[in-house]
Amino acid sequence: MINQNDIILKTMTQLITFILIGFSIYLFFAGHNAPGGGFIGGLMTASAIILMYMTYGYEKVSKILPINFTTLFIVGVGIAALFGVGSFIFGEPFLSQNAAYFQLPILGKTHLSTALIFDFGIYLAVIGVSMTIILTIATDSKEEEVE
């Protein structure tokens, strides 16, 4: 028998998750011109994923999102570090950036910066580390001591 509260929770989770992920993408792209960026965007995405884990359970969400969050963290830190070191190739100081306007098909004339690559690394790293911490705490089971 399905509890009425479960139906409401699952329905609202779908809506809220969609809104959270959409807002996190907005914050990610707004980060180099306005408040936001990879860190807060990553936290918003992690909160949406945590909401899904709380609503649907660990097993079901792990089947839908088969992501190793520790690997995601390592990839994110790698992207951010390579971006910082990449400026040395062009003889620029560490973490130097360039920006330009591009004509994109759907978005029109858009200002893009190379800092977006660094923010993407931070975005992935924050999702990876926060989900690793939360899932480690949530799935931790007491091991019985053997005497």
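Scroll up a little and you will see the structure.
From a predicted model like this one, the values you see are computed outputs, not experimental measurements.

Visitor: What is the right way to look at the environment of Asn68 in this model?
Guide: Looking at where Asn68 falls in the secondary structure, it is placed in the loop between helix H3 (58-64) and helix H4 (69-89). Classification of Asn68 by relative accessible area gives partly exposed; the value is 46%.

Visitor: In this structure, what is going on with the environment of Val126? I would like to understand it.
Guide: Residue placement: Val126 occurs in helix H5 (residues 115-138). Taking the C-alpha atoms as reference points, Val126 and Ile89, separated by 37 residues in sequence, lie 27 Å from one another. If sequence neighbours within four positions are ignored, Val126 has contacts with Phe39, Gly42 and Leu43.

Visitor: Please explain the pairing of strand S1 (residues 99-104) as it appears in this structure.
Guide: Every other side chain in a regular strand lies on the same face of the sheet, so the side chains alternate between the two faces. Sheet topology places S1 next to strand S2 (residues 108-113); six bridges connect them, and they run antiparallel. Within S2, the position partnered with Phe102 by the bridge is Thr110. With antiparallel pairing between neighbouring strands as the criterion, S1 and S2 make up a hairpin whose turn holds three residues.

Conventions we followed
Residues numbered from 1 in each chain as written. Predicted model: local features only at pLDDT ≥ 70, side-chain atom pairs only at ≥ 80, totals over all residues. Heavy atoms only, no water. Helix = DSSP H or I, 4+ residues; strand = E, 2+ residues; numbered from the N terminus. Buried < 20%, exposed > 50% of the residue type's maximum accessible area, 1.4 Å probe, protein only. Contact = heavy atoms within 4.5 Å. Pairing = 2+ DSSP bridges.

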